[in-house]
Amino acid sequence: MENQENKFSRSLGAQHAAMVVIEAAKKGELIDGPVFTAPKLADSEKELMLKILEAVAEKRRRDGDALTDEAVSSMFTFVFARAAEAVTNFANSRPNEFSMMGLFDGKAPLYADEQITGYFKKLSFPGDCAQNFWDWIHSNIVPEGTDPLLALMESLKWCFRLSCHIAVSYLQKIGYRF
């Protein structure tokens, strides 16, 4: 008998979910080439996504399965803020201490370099990502069998990656050298 836990599958839904975030970055003219990355930032992404999955599981146990549009929007803003924090920590060789405060309630604090914070506060990127995701997940083009949580997590993952890219790009633009 084949072990189902070791089977691979293809998730067109997750690919589409990633694309809605990438499209938000393109439309906002926030990416125009390869995306900056570093092993430390990839580790930060993994750490944060695992914490978010844990928090979502806890919220589902407590409140049921549904996430409101406000909670989903908050999650994108939260990830955007944590990306600024991760890049600040990366630039200063400090460990991450990701607080989960503000994940679902729209009150995510931004613990980052002052210059990144000022720049990020001007951007509509997390709201654009949330709107694109929400429009897509409620459209008729979502591939059949798409797990909404998997799709959301894929979108959040790309929001984090691109937000890190945006922060690194901005720091380089103002003269910071990594």
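Quick caveat: nothing in here was measured; it's all calculated off a predicted structure.

## Regarding the environment of Ile-22
Residue position: Ile-22 is located in helix H1 (residues 12-27). Linking Ile-22 and Lys-121, residues 99 residues apart in sequence, is a C-alpha distance of 20 Å. In this structure, Ile-22 is in contact with Ile-31, Trp-158 and Leu-162, ignoring residues within four places of it in sequence.

## Quick notes on the confidence of the model for the chain
Residues at a pLDDT of 70 or more form 94% of the chain, whose mean pLDDT is 92. The least confident element of the chain, judged by mean pLDDT, is H1 at 94; the most confident is helix H3 (residues 69-91) at 97.

## Let's talk about the side chain of Ser-163
Looking at where Ser-163 falls in the secondary structure, it is placed in helix H6 (residues 148-173). The class for Ser-163 is buried, based on a relative accessible area of 0%. Excluding anything up to four places from it in sequence, Ser-163 contacts Phe-80, Ala-83, Phe-120 and Phe-125.

Scoring rules and cut-offs
Residues numbered from 1 in each chain as written. Predicted model: local features only at pLDDT ≥ 70, side-chain atom pairs only at ≥ 80, totals over all residues. Heavy atoms only, no water. Helix = DSSP H or I, 4+ residues; strand = E, 2+ residues; numbered from the N terminus. Contact = heavy atoms within 4.5 Å. pLDDT = per-residue confidence, 0-100. Buried < 20%, exposed > 50% of the residue type's maximum accessible area, 1.4 Å probe, protein only.

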